[in-house]
There are 2 protein chains.
Amino acid sequence: MSGSLAVIGLGPGDPDWMTYESRALIDSCEDFFGYAPYLARISLRPDQRAHASDNREERARAEAALGLAAQGARVAVVSGGDPGVFAMAAAVVEAMEAGPAQWRALDFRVSPGVSAMQGAAARLGAPLGHDFCAISLSDNLKPWAVVERRLRAAAEGDFVIALYNPASKARPDSIAAAFALLRAIKGPDVAVALARAVGRPDEKIVLTTLGAVDASLVDMATLVIVGSSQTRLIARPGLSTLMLTPRSYGAAR
Amino acid sequence: MSGSLAVIGLGPGDPDWMTYESRALIDSCEDFFGYAPYLARISLRPDQRAHASDNREERARAEAALGLAAQGARVAVVSGGDPGVFAMAAAVVEAMEAGPAQWRALDFRVSPGVSAMQGAAARLGAPLGHDFCAISLSDNLKPWAVVERRLRAAAEGDFVIALYNPASKARPDSIAAAFALLRAIKGPDVAVALARAVGRPDEKIVLTTLGAVDASLVDMATLVIVGSSQTRLIARPGLSTLMLTPRSYGAAR
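1. A short note on the overall build of chain A
Phase 1 of the analysis: Along its length, chain A carries eight helices and 13 strands.
Phase 2 of the analysis: By the compact-globule yardstick of 18 Å for 253 residues, chain A fits well, its C-alpha radius of gyration being 20 Å.
Phase 3 of the analysis: Counting only C-alpha atoms, chain A reaches 60 × 40 × 35 Å along its principal axes.
Phase 4 of the analysis: When contacts within chain A are restricted to residue pairs at least 6 apart in sequence, those whose partners lie at least 24 apart make up 67%.
Phase 5 of the analysis: Surface accessibility of chain A: about 9500 Å² in total, with carbon and sulfur atoms responsible for 52%.
Phase 6 of the analysis: Averaging the locations of the 26 positively and 26 negatively charged side chains of chain A gives two centres separated by 4 Å.

So, in structure tokens, the structure goes:
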């Protein structure tokens, strides 16, 4: 038995944002576990098998992948973005920790990828050009009080804030609550970017402010970037406006 | 004149961590600006020109690149990691903002990459599996008081913290000061990873705690990850220990 498990990042939507390592690992694996839309993004050979599952079944997916790897298969778990950032790496390592000893003895690796905030940042210029936080608004696995505590700390530290999982059908109001909390500390003039489906054909980016933002524009496919006090916009005639968080803090331009 | 400027992320040391987009952009550009060790990592054709500069001359490098692009050249600025994360994207956009209008009219793009914290996280398992902050300890362009304010906010929010630029010859003591500040809030038992030269042949990872960490092991090539209260280590007999920040908060394992 020489099974292996690779957790593979596909990057955001654009296939050219995948790394060479992730592509090579895909070519070397036999069984692929993942959320169906991510599996649909990779082209498999006839001898490779896809095992699609629902987005909410991360732990069960991780356990199924580990179980098959422990039987000797070369298994991949695929994630959009970077599997290490609000994605499958943690679910798999949690399952390894709780499961049989042979799961911890597997040949295991994580192949990193470009995360959604980085794809969005590339489109916007340099919004993450200085210190930043990444916060998931999902309260599936953590109390909303923890989300609020972190939003408050991030605002008080004047970080740029990338918000993952900002809304879902089960939580249509959490993004509006987050905007209200941040606005109360940071004020209405802070720049906000809503980056939807970055790297996909239906990509759409909206630039606004904490005072003017329309929370109803935010859905599951949106990555939200809330600027720091230093973040500013740079208009370009005939071209998209750039969002910049400069490297210096509080200095003259 | 149809000059262009691409800011291109090479990823951390391992060439296989580059994206297909970055590699294709390298092939399509004529002039390459960057810190010499990054330029040394890409293979150029005889008709492509490298313009190496010192690591501290980011703004001058950005202006030289924009100036050449404005003359009609297809110019690349290369960065290790992700250019959007403590790298060249912000320096270039700052120069575009301050420079002549024709710089803002250029065909401009950023190609994202895997950042150092993501390479380190991949090696460690899933240390960034939950909300996290990225903070640069460099005080070249921001007052140390801002660094302290952000470290304090990140600790009070119980974020996982990735520390970039943790030490340099000019600032040998800033990482020790950061560890002391974090230890005073988070306590001595929090897990710490020192990830040096990730993806390079001399890669070395040390796992320790805020109470036991030896700040003298941290140099310019080190990426430091300080866990949250939830972060834990998972020993694997004969294999590297994993670092996990679980998706759940405060729940039973």
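2. What to know about the interface of chain B and chain A
A common way to report how large an interface is uses the accessible area buried once the components associate.
Phase 1 of the analysis: Chain B puts 71 residues into the contact, and the matching count from chain A is 71 residues.
Phase 2 of the analysis: Of the roughly 6200 Å² buried between chain B and chain A, counting both surfaces, carbon and sulfur atoms make up 58%.
Phase 3 of the analysis: By the criterion of area lost to chain A, the three top residues of chain B are B:Tyr20, B:Arg150 and B:Arg247, representing 14% of everything that side buries.
Phase 4 of the analysis: Our count for the chain B to chain A interface comes out at ten salt bridges.
Phase 5 of the analysis: Sheet analysis places strand β7 (residues 132-136) of chain A next to strand β7 (residues 132-136) of chain B, joined by three bridges and oriented antiparallel.

3. Here's the deal with helix α3 (residues 58-70) of chain B
Residues and elements named next belong to chain B.
Phase 1 of the analysis: A rise of 1.5 Å per residue sets the reference length of α3, with its 13 residues, at 18 Å; its end C-alpha atoms lie 18 Å apart and thus fit the reference within 8%.
Phase 2 of the analysis: Against the buried residues of α3 lie β1 (4-9), β2 (31-35), β3 (49-53), β4 (74-79), α4 (88-98) and α5 (101-104).
Phase 3 of the analysis: Downstream of α3 by a residue or two, Gly-72 has a phi angle that is positive, lying close to 115°.

4. Here's the deal with the environment of A:Ile26
Residues and elements named next belong to chain A.
Phase 1 of the analysis: Inspection of the secondary structure puts Ile-26 in helix α1 (residues 20-28).
Phase 2 of the analysis: Of the residues examined, Ile-26 reaches a relative accessible area of 0% and is grouped as buried.
Phase 3 of the analysis: Discounting residues that sit within four places of it in the chain, Ile-26 has contacts with Ile-8, Leu-10, Met-18, Phe-32, Ile-42, Leu-44 and Gln-48.

5. Overview of the sheet that holds strand β10 (residues 204-209) of chain B
In any sheet, the strands associate via hydrogen bonds between backbone groups, in a parallel or an antiparallel arrangement.
Phase 1 of the analysis: Reading across the sheet, the ten strands line up as β10(A)-β9(A)-β11(A)-β8(A)-β7(A)-β7(B)-β8(B)-β11(B)-β9(B)-β10(B) and stay open at both edges, with mixed pairing between neighbours. Looking along the sheet, the strands with just one partner apiece sit at the ends: β10 (204-209) of chain A together with β10 of chain B. Neighbouring strand axes in the sheet, compared pairwise and without regard to direction, differ in orientation by 15° on average.
Phase 2 of the analysis: Here strand β8 (residues 160-164) of chain B pairs with strand β11 (residues 222-226) of chain B via three bridges, running antiparallel. Note that in β11(B) the partner of B:Ala162 across the bridge is B:Ile225.
Phase 3 of the analysis: Sheet strands in contact with helix α7 (residues 144-156) of chain A are β7 and β8 (160-164) of chain A, and its direction is about 165° off that of β7(A).

6. Some remarks on the confidence of the model for chain A
Phase 1 of the analysis: Residues at a pLDDT of 70 or more form 98% of chain A, whose mean pLDDT is 95.
Phase 2 of the analysis: Listed scores for the predicted complex are pTM 0.97 and ipTM 0.96.

7. Remarks on the sheet that holds strand β6 (residues 125-126) of chain B
Phase 1 of the analysis: On the basis of which strands lie adjacent, the open sheet formed by three strands has the order β6-β13-β12 (chain B) and mixed pairing. Only two strands of the sheet have a single neighbouring strand rather than two, namely β6 and β12 (232-236) of chain B.
Phase 2 of the analysis: Lying on the sheet, helix α4 (residues 88-98) of chain A is in contact with β6, β12 and β13 (239-244) of chain B; it crosses β13(B) at an angle near 120°.

8. Some thoughts on the pattern of salt bridges
Pairs can form between side chains of opposite charge whenever their charged atoms are close.
Phase 1 of the analysis: What the rule picks out here adds up to 34 salt bridges over all chains.
Phase 2 of the analysis: B:Arg232 is the partner of A:Glu97 in a salt bridge, and the nearest nitrogen-oxygen pair spans 2.7 Å. Of the two residues, A:Glu97 is situated in helix α4 and B:Arg232 in strand β12; the pairing between them involves two chains.
Phase 3 of the analysis: By relative accessible area, which is 14% here, B:Arg232 ends up buried.
Phase 4 of the analysis: Put simply, B:Arg171 and B:Asp139 hold a salt bridge, and the shortest N to O gap is 3.9 Å. Here B:Arg171, found in the loop between β8 and α8 (174-186), pairs with B:Asp139, found in the loop between β7 and α7 (144-156); they are 32 residues apart in sequence, far enough to count as distant.
Phase 5 of the analysis: Each of A:Glu58, A:Arg59, A:Glu63, A:Glu94 and B:Arg247 takes part in salt bridges that share partners, so that together they form one network.

9. A word on the packing of helix α3 (residues 58-70) of chain A against α4(A)
Helix packing for two helices is described by the angle between their axes and how far apart those axes are.
Residues and elements named next belong to chain A.
Phase 1 of the analysis: In the contact formed by α3 and α4, the axes pass within 9 Å of each other and the chain directions differ by 60°. Crossing of α3 over α4 shows right-handed handedness. Across the interface between the two elements, Glu-58, Arg-59, Arg-61, Ala-62, Glu-63 and Leu-66 from α3 touch Met-88, Ala-91, Val-92, Glu-94, Ala-95, Met-96 and Ala-98 from α4.
Phase 2 of the analysis: Classifying every residue of the contact of α3 with α4 gives eight nonpolar, no polar and five charged.

What counts as what
All residue numbers refer to positions counted from 1 along the written sequence of the respective chain. Labels follow written order: the first chain is A, the first ligand is 1, and so on. Since the coordinates come from a predicted model, pLDDT governs what is reported: local features require at least 70, and pairs of side-chain atoms require 80 or more to be given and counted, while whole-chain, interface and lining totals use all residues. Water and hydrogen atoms play no part in the side-chain values, which are based on all heavy atoms of the structure. For helices the rule is a DSSP run of H or I covering at least 4 residues; for strands it is a run of E covering at least 2, with both sets numbered from the N terminus onward. For this measure, only C-alpha atoms enter the radius of gyration; the expected value for a globule follows 2.2 Å times N^0.38, where N is the number of residues. Contacts were defined at the residue level, with two residues in contact if any of their heavy atoms lie within 4.5 Å. Under the convention used here, a 1.4 Å probe and the Shrake-Rupley method define accessible areas, while residue burial counts only the protein chains that appear. Neither His nor the chain termini are counted; the positive set is Lys and Arg, and the negative set is Asp and Glu. Taken as the charge centre is NZ of Lys, CZ of Arg, CG of Asp or CD of Glu, depending on the residue. Summed over both partners, the accessible area lost on bringing two parts together, with a 1.4 Å probe, is the buried area. We count a salt bridge whenever a side-chain nitrogen from Lys or Arg sits within 4 Å of a carboxyl oxygen from Asp or Glu. Any two strands with at least two DSSP-identified bridges between them are counted as paired. Residue count minus one, scaled by 1.5 Å, sets the expected span of a helix. Burial classes: relative accessible area under 20% of the type maximum marks a residue as buried, over 50% as exposed, and values in between as partly exposed (1.4 Å probe, protein chains only). Between N-to-C directions, angles span 0 to 180 degrees; the directions come from axes that are lines fitted to C-alpha atoms, helices contributing only their stretch in contact. Note on scores: pLDDT gives the predictor's confidence for each residue, bounded by 0 and 100. It is the rotation of the near helix from the far one that decides the hand of a crossing: anticlockwise by less than a right angle makes it left-handed, clockwise makes it right-handed. Under the convention adopted here, Pro, Cys and the residues Ala, Val, Leu, Ile, Met, Phe, Trp and Tyr are nonpolar, Asp, Glu, Lys and Arg are charged, and Gly plus all remaining residues are polar.

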